[in-house]
Amino acid sequence: MNDSSWGSPPHTRPPAGYWGPIDQGPVQGAAPAGPAYDAHDAQQTRPMPIVPDVPARGGDQDDDRGAARLSGPLFRDETPQTRPYDPPQALSYGPHDMPQASSYGTASQNPEPMPDFSQPAPAPQKKSAGRDLSAAIGVGVGLGVVIVASLFVVKAAFVGVIAVAVVVGLWELTKRLEERKGIKAPLVPLAIGGAAMVVSGYVRGAEGAWVAMALTALAVLVWRMTQPPEGYLKDVTAGVFAAFYVPFLATFVAMMLTADDGPRRVLIFLLLTVVSDTGAYAVGWRFGKHKLAPRISPGKTREGLLGAVSFAMAAGALLMEFVIDDGTWWQGLLLGLAVAASATLGDLGESMIKRDLGIKDMGTLLPGHGGIMDRLDSLLPTAPVVWLLLVLFVGSG
């Protein structure tokens, strides 16, 4: 048996603390000998890293805080990177093979950059209207000039403007219905009947408008019979809806024009609708926070509705007092309130149609505005409201 192996007889190993010859045996009173082993057979183990204790606060231990702080992460959201404990190896390490002690508190190699306060903060982005305002203003001014010129020069010319707007609006509506839903509302009877409806309302009043509406609906039913029966019901239903929605409601503008002060009534109708839309846009864009109907039109707010009511009522009081004979300011307040409500409902109604069709605008004919129907959306339902209130307030003229 090897002398250096575990469990050798005591007399073959020198006692602890004895420096004499081995063959002399143990010395009396000496400490018992422990197991002997050679240095090359010893197990090599890693020394555990020495972690300094965290000193208590206060006193004169401020110099030790830096060393103690190294035992924790330098950043709040950083996890210290430590090496897992390696089990002892029976092999001997060379000077370049010694395992490195665990690093406590080492900063991340790619720490999050600190903000550079020397650079100026980026300017906040301004709100955008979502359209080309310069084009929208230019087109609006151009349309206004055409409307005012035809309105106060020759009444019949303005009736022609209404008829053209109706035909173009019907074309846009039927085109979108066919593209998005596959609904083929017959355009030819709608266009002819719509123009005839506007002229009949101007010449024969409400009676002529109702007769023309009935004949237009009948023409739609007959015209669609020339095609296969598949989809007949949805096509004629959409056709009758389009006839009522666009030309029949527009007929009330022509009926306003038949009064002695007809051009001024139409002017009040147009101005109040524009003022209502402008007030809703200006106040809603600046102060709007609470959505009015987010599922229908996410851009409209309750603050915008209050702006529309306020602007329209103020403009109505002034217009009724100074433009309409026998009109009073309180009638203008009621008129402005009614216009703001009907214009908002009309805008929401067309937004409902466009959302169902999955489109943003009905057309692209007017730069900055969309299509003709995108400008008629608030005018069409407002026309019968203004016509009726003016008849109640100052008569049919």
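Higher on the page you've got the structure.
Because the structure is predicted, anything quoted here is derived from the model rather than measured.

Rules used throughout
Residues numbered from 1 in each chain as written. Predicted model: local features only at pLDDT ≥ 70, side-chain atom pairs only at ≥ 80, totals over all residues. Heavy atoms only, no water. Helix = DSSP H or I, 4+ residues; strand = E, 2+ residues; numbered from the N terminus. Buried < 20%, exposed > 50% of the residue type's maximum accessible area, 1.4 Å probe, protein only. Contact = heavy atoms within 4.5 Å. Areas by Shrake-Rupley, 256 points an atom, 1.4 Å probe, with all protein chains shown as cover. Salt bridge = Lys/Arg side-chain N within 4 Å of Asp/Glu carboxyl O. Patch = residues over 30% accessible without salt bridge, like charges linked within 9 Å, V, L, I, M, F, W, Y side chains within 5 Å. Expected span 1.5 Å × (residues − 1). Core = buried A, V, L, I, M, F, W, Y, C linked by side-chain atoms within 4.5 Å. Phe/Tyr/Trp six-rings, centres within 6.5 Å; stacked < 30°, edge-to-face > 60°.

Chemist: Explanation requested: the overall build of the chain in the structure shown.
Modeler: Of the regular secondary structure elements, the chain holds 10 helices and 2 strands. When its helices and strands are written in sequence order, the chain yields α-α-α-α-α-α-β-β-α-α-α-α. For the chain, the residues scored as buried account for 35% of the 397 residues in total. The contacts in the chain between residues at least 6 apart in sequence include a share of 68% that link residues at least 24 apart. Counting only carbon and sulfur atoms, one obtains 63% of the accessible surface of the chain, whose full area is about 24600 Å².

Chemist: How should the pattern of salt bridges be read in this particular structure?
Modeler: Pairing between side chains of opposite charge can happen when the charged atoms of each approach one another. Summed over the entire model, instances satisfying the criterion amount to 8 salt bridges. For Glu179, the salt bridge goes to Arg176, with nearest N and O atoms at 3.0 Å. Remark: Arg176 and Glu179 occur in helix α3 (residues 155-181); sequence separation between them is 3 residues, near one turn of the helix. Judged by its relative accessible area of 14%, Arg176 falls in the buried class. Between Asp235 and Arg224 there is a salt bridge whose closest N-O contact spans 2.8 Å. Placement of Asp235 in helix α5 (residues 232-257) and of Arg224 in helix α4 (residues 187-224) is noted, with a sequence separation of 11 residues between them. Since its relative accessible area comes to 3%, Asp235 is described here as buried. A relative accessible area of 3% means that Arg224 is categorised as buried. The structure contains a network of salt bridges with shared partners spanning Glu350, Lys354 and Asp374.

Chemist: Hey, could you run me through a nonpolar patch on the surface in this one?
Modeler: On the surface, a nonpolar cluster with roughly 430 Å² of combined accessible area is contributed by Val211, Leu215, Leu218, Leu221 and Val222. Tracing the chain through its elements places Val211 in helix α4. On the accessibility criterion, Val211 (47% relative accessible area) is partly exposed.

Chemist: Hey, could you run me through α5 in this one?
Modeler: Working note: α-helix, 3.6 residues per turn, so residues spaced by three or four point in the same direction. Taking 1.5 Å of rise per residue, 26 residues should cover 38 Å, and α5 covers 37 Å from first to last C-alpha, within 8% of that figure. A large share of α5 lies buried, amounting to 19 of its 26 residues.

Chemist: When you look at the nonpolar core in this model, what are you seeing that I'm missing?
Modeler: Generally speaking, nonpolar side chains in soluble globular proteins are found buried as a group. Ile162, Val266, Phe269 and Leu335 are the most contacted members of the largest nonpolar core, which totals 58 residues. Per-element tally for this core: the top contributor is α5, with 15 residues. Ignoring any residue separated from it by four or fewer positions in sequence, one finds Leu335 in contact with Ile268, Leu272, Met320, Val386, Leu389 and Leu390.

Chemist: Would you take a moment to explain the packing of aromatic side chains for this structure?
Modeler: Each aromatic ring pair is specified by the distance between its two centres and by the angle formed by the two planes. Under the defined criterion, the tally for this structure stands at 6 aromatic pairs. Both rings, one in Phe241 and one in Tyr245, keep their centres 5.4 Å apart while their planes meet at 10°; by these two values the pair is stacked. One end of the pair is Phe241 and the other is Tyr245, both in helix α5 and 4 residues apart, which spans about a single turn. We classify Phe241 as partly exposed; its relative accessible area is 39%. Among the residues examined, Tyr245 registers a relative accessible area of 11% and is labelled buried.

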